[in-house]
Amino acid sequence: MNEIKENILGDIEKVEPLLKVDGLCVSFDSPNGPVPVVRDVGFYINPGEIVGLVGESGSGKSVTALSLLSLIPSPPGHITAGRSIFEGNDLLKMPNKRLRKIRGNRISMIFQEPMTSLNPLMSVGDQIAEVFRLHVGSSKVEAKELALKMLKKVQIPAPEKRMKEFPFQMSGGMRQRIMIAMALCCNPTLLIADEPTTALDVTIQSEIMDLIIEMRQEFGSAVLMITHDLGVIAETAERIIVMYAGQIVETGSVNEIFDAPAHPYTNALLQSLPVLGRRARFGRQRLQEITGTVPDPADLPAGCAFSNRCPNVQDICKDTSPLLNETNIQRSVRCHFPLTLNSDGEA
Amino acid sequence: MHRFILKRLLQFIPTVIGVTLIIFLLLNLVPGNAALSSAGRLELDPEVVAQLRKDFELDKPVIVRYVNYLGRLAQGDMGKSMLRRYDVSEVVFGRLGATLKLACAALAIALIVGIPIGFISALKQGTWLDIGLAVVSVAGVSIPQFWLGILLMYVFSYMFNILPTSGYGGGAFSNLILPALTLGVGYAALLARITRAAVIEVLAADYVRTARAKGLSALAINLRHVMRNSFVLILTTSALLFGSLMGQTVVVERVFSWPGVGSLLVESIFQRDIPVAQGCLLLIIMVFLIVNLVVDILYRVINPRIDFK
Ligand SMILES: Nc1ncnc2c1ncn2[C@@H]1O[C@H](COP(=O)(O)OP(=O)(O)O)[C@@H](O)[C@H]1O
Ligand code: SF4
Ligand SMILES: [Mg+2]
């Protein structure tokens, strides 16, 4: 068992990552000066891999994702430090013109709000065709045909008719399909999906999730799947990154995270899952809300950012910030007292 | 769509009747009118005065007069001037051309100057340019029109003597410039503020972020995604503006002796020539209502989100 694991890890280390983010720091201006909302975030994504980025709402997931393509509103947002190496080049240092060639082409994004993410005054066909016009240089007619093909791919019924419709004529799930079609036009090597199902009806959620996975298999894109719900990625992601208050607090493979969470916050997230997924086999299906809320980034507790909610808090936690401690390239935890890996995860 | 237009047209009728009622009461409940005061001055025979009273129905209760007025109005008869006995509708409609010309010229200035300034301010939000334009706009909005009119007149007609002081000049373009500027500046400034707010709102929209994530250039985003969406917002507000623009023509026409409905209105009110004043007011308000109707329909044409039910 250990041997196999070693081998896999060896392989991972050999692969050149598709995206490598290092020391990313992002601040937002406020009346009382800049507030850091993403603090020293670093991770990697290998080609074709699905990585889950998890954390409660407000933990900095969207800002992290948007920063990768310099899409945060600026002002008030500023990327104050960090690198984001994609296919050998730093996206954050790249001139705008080159970055634009990557956006929507090599790296695409799907957003949380399908209701507002499409232009209300443009037919959805035109909005998809726009991507082909831009990145492929298609003629108007070609772009229309290609857009129609994409609509068929994402399984929109009556695509010829739907092409000419406006977003307001469509349901949320349908619009998210349009967003997915738009994102996949140019066969991106990386797809960033920022809570693509959060705003949808529960019944539609799994449909959209399945579609993304199906599309990924067809297009072979790597996916950064952002969610506040660990359950969403339990079945799909290979690795998981857990964020809290603008920092990465734990990383690991899905198995490691679900079977032996090391950070009390990850553990709390797991406890709050309605169905404990893989943990169900331990015979415990309790539902526990995490008490308290994500701290305001302008007013973080001293020491560990989780210290005001952590059940295991000790004195040292309240004045010394724990460092991100890497066990190996894919496993790390930011805690003075990581939960012992061989216990059942509830210290 | 057709049903919507029909419905709006049907709503138009009670609105117009309401307007006539308000105008009628306003002008007829205020004491004094031309027919009797001129009679008093000229010390006319009681017989003649009685005839005047009869001609203008001054011997009847207000409500009867209103109903009769409405009946005549339905046939296109706005009555006769109390002073000169001319046909009101003929004269008032004859003046409409000059007023519309002035209002449209002012609106054109407002659109051509105000919208680009608003766009630039929004795109350069928070810079010195934006702040500078804001100061200019606030000044533009708050300048009283009669003062601006006289200032322009002083500079361009008196100091440099390049433009006529006042009057219609038989419809010459040079006569239009100063009054149109006077009327247009305030609206340009107002429109700049409205445009700026609309564009800033649109720029923060999620679909603009989507457009950026697609890899579009700033120019393409502004042209294809920002402009049209902000025009929907701008259009509704500028339609409301046109109403007050029509009202303001009264002041500007007076300053520049512009022979429009507005100056006729002021004259007729001073002279208590009630049928003429009624005709002028009704016409100005009708133009406002019709513009609103057209904008309402236009708004639905460019904005597919609204149901036509
Ligand atoms: N445009 C913005 N202006 C100011 N603060 C922002 C803005 N966008 C995000 N933030 C702040 O950044 C923090 C992280 O937000 P976000 O990345 O959206 O969280 P998540 O996606 O994990 O829910 C939050 O505290 C939020 O208030
Ligand atoms: S460092 Fe302390 S407070 Fe923070 S998560 Fe670990 S145990 Fe809890
Ligand atoms: Mg988010």
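The model shown is predicted, which means the values in this text are computed figures rather than measured ones.

Draft legend 1. Looking closely at the overall build of chain B. Within chain B, the regular secondary structure consists of 12 helices and 0 strands. Counting from the amino terminus, helix and strand elements in chain B follow one another as α-α-α-α-α-α-α-α-α-α-α-α. Principal-axis analysis of the C-alpha atoms places the extent of chain B at approximately 85 × 60 × 30 Å. Burial analysis of chain B (309 residues in total) assigns 45% to the buried set. For chain B, long-range pairs separated by at least 24 residues make up 76% of all intrachain contacts whose partners lie at least 6 apart in sequence. Carbon and sulfur atoms form 69% of the exposed surface of chain B, whose accessible area is close to 15600 Å². Separation of charge centres in chain B, based on 27 positive and 17 negative side chains, amounts to 14 Å.

Draft legend 2. Representation of the site of ligand 1 in the model. Residue and element names in this part refer to chain A. In the vicinity of ligand 1 there are 13 residues, among which G58, G60, K61, S62 and V63 approach most closely. Here an oxygen atom of ligand 1 sits 2.6 Å away from a polar atom, N or O, in the main chain of G58. Taking 560 Å² as the accessible area of ligand 1 by itself, protein coverage stands at 65%. Residues belonging to the shell around ligand 1 are distributed by class as follows: 6 nonpolar, 5 polar and 2 charged.

Draft legend 3. Layout of the packing of aromatic side chains. Residues and elements named next belong to chain A. Counted under the stated rule, the structure contains 7 aromatic pairs over all chains. For the pair Y244 and Y265, a centre-to-centre distance of 4.4 Å together with 55 degrees between the ring planes defines the contact as tilted. In this pair, Y244 sits in strand β9 (residues 239–244) while Y265 sits in helix α11 (residues 264–271), placing the two residues 21 residues apart along the sequence. Ring geometry for Y244 against F306: centres 5.0 Å apart, planes inclined by 80 degrees, an arrangement best described as edge-to-face. Here Y244, found in strand β9, pairs with F306, found in the loop between α11 and β11 (325–328); they are 62 residues apart in sequence, far enough to count as distant.

Draft legend 4. Structural view of the pattern of salt bridges. Taken as a whole, this structure holds 17 salt bridges over all chains when the rule is applied. We note a salt bridge from E49 of chain A to R239 of chain A, for which the minimum N-O separation is 2.7 Å. With E49 of chain A in the loop between β2 (33–45) and β3 (50–54) and R239 of chain A in strand β9, this pair connects stretches of sequence that are 190 residues apart. For the salt bridge of E165 of chain A with R162 of chain A, the shortest nitrogen-to-oxygen distance reads 2.5 Å. Residues participating in the shared-partner salt-bridge network are E113 of chain A together with D206 and R209 of chain B.

Draft legend 5. Representation of the interface of chain B and chain A. Facing the 19 residues of chain B at the interface are 25 residues of chain A. Buried surface at the junction of chain B and chain A, summed over both partners, amounts to about 2100 Å²; 59% is from carbon and sulfur atoms. The largest per-residue losses of area from chain B upon contact with chain A belong to R209, R212 and K214 of chain B, which jointly make up 30% of the total buried on that side. At the junction of chain B with chain A, the criterion picks out 3 salt bridges. Put simply, R224 of chain B and E130 of chain A hold a salt bridge, and the shortest N to O gap is 2.9 Å.

Draft legend 6. Expanded view of the packing of helix α5 (residues 88–123) of chain B against helix α11 (residues 261–270) of chain B. Residues and elements named next belong to chain B. Relative orientation of the contacting elements α5 and α11 amounts to 130 degrees, with a least axis distance of 7 Å. Judged by the inter-axis angle, α5 sits oblique to α11. Contacts between α5 and α11 involve V91, V92, R95, L96 and T99 on the former and, on the latter, V261, G262, S263, L264 and E267.

Draft legend 7. Region of the structure containing the packing of helix α7 (residues 172–184) of chain A against helix α8 (residues 202–219) of chain A. All names here are of chain A. With their axes 10 Å apart at the nearest point, α7 and α8 run at an angle of 15 degrees to one another. By the angle between their axes, α7 is roughly parallel relative to α8. In the packing of α7 onto α8, the handedness of the crossing is right-handed. Residues G173, Q176, R177, I180 and L184 of α7 form the contact with α8, whose participating residues are I204, E207, I208, L211, I212, M215 and F219. For the contact of α7 with α8, the per-class residue count stands at 8 nonpolar, 2 polar and 2 charged.

Draft legend 8. Summary view of the sheet that holds β9 of chain A. Residue and element names in this part refer to chain A. Here we have 8 strands laid out as an open sheet, ordered β6-β7-β8-β3-β9-β10-β12-β11, and mixed in their pairing. What marks the edges here is a single partner per strand, and that holds for β6 (107–110) and β11. Each adjacent strand pair in this sheet contributes to an overall mean axis angle of 20 degrees, direction not counted. Relative to strand β12 (residues 331–333), strand β10 (residues 247–253) runs antiparallel, the two being bridged by 2 bridges. Paired with E250 across the bridge in β12 is V333. Docked against the sheet, helix α2 (residues 61–68) engages β3, β6, β7 (190–194), β8 (222–227) and β9, running at close to 150 degrees with respect to β8.

Draft legend 9. Molecular detail of the environment of L52 of chain B. With respect to the helices, strands and loops of the structure, L52 of chain B is situated in helix α3 (residues 46–55). Each C-alpha atom of the pair L52 of chain B and M82 of chain B lies 9.0 Å from the other, and the pair is 30 residues apart in sequence.

Draft legend 10. View of the site of ligand 2. Taken together, the residues surrounding ligand 2 are H263, P264, C304, F306, S307, C310, N312, C317, P322, C335, H336 and F337 of chain A. Classifying every residue of the shell around ligand 2 by side-chain character gives 8 nonpolar, 4 polar and no charged.

Draft legend 11. Broad picture of the environment of P274 of chain A. Relative to the helices and strands, P274 of chain A is located in the loop between α11 and β11. The spatial distance from the C-alpha of P274 of chain A to the C-alpha of G231 of chain A is 8.5 Å, given a sequence separation of 43 residues.

About the criteria used
- Residues numbered from 1 in each chain as written.
- Chains lettered and ligands numbered in written order.
- Predicted model: local features only at pLDDT ≥ 70, side-chain atom pairs only at ≥ 80, totals over all residues.
- Heavy atoms only, no water.
- Helix = DSSP H or I, 4+ residues; strand = E, 2+ residues; numbered from the N terminus.
- Buried < 20%, exposed > 50% of the residue type's maximum accessible area, 1.4 Å probe, protein only.
- Contact = heavy atoms within 4.5 Å.
- Areas by Shrake-Rupley, 256 points an atom, 1.4 Å probe, with all protein chains shown as cover.
- Lys, Arg positive; Asp, Glu negative; His and termini not counted.
- Charge placed at Lys NZ, Arg CZ, Asp CG, Glu CD.
- Near = heavy atom within 4 Å.
- Polar contact = N/O pair within 3.5 Å; in protein donor to acceptor, adjacent residues only side chain to side chain.
- Nonpolar A, V, L, I, M, F, W, Y, C, P; charged D, E, K, R; others polar.
- Phe/Tyr/Trp six-rings, centres within 6.5 Å; stacked < 30°, edge-to-face > 60°.
- Salt bridge = Lys/Arg side-chain N within 4 Å of Asp/Glu carboxyl O.
- Buried area = accessible area lost by both parts, 1.4 Å probe.
- Axes fitted to C-alpha atoms, helices over the stretch in contact; angles between N-to-C directions.
- Parallel < 35°, antiparallel > 145°, perpendicular 65-115°, else oblique.
- Left-handed = near helix turned anticlockwise from the far one by under 90°.
- Pairing = 2+ DSSP bridges.

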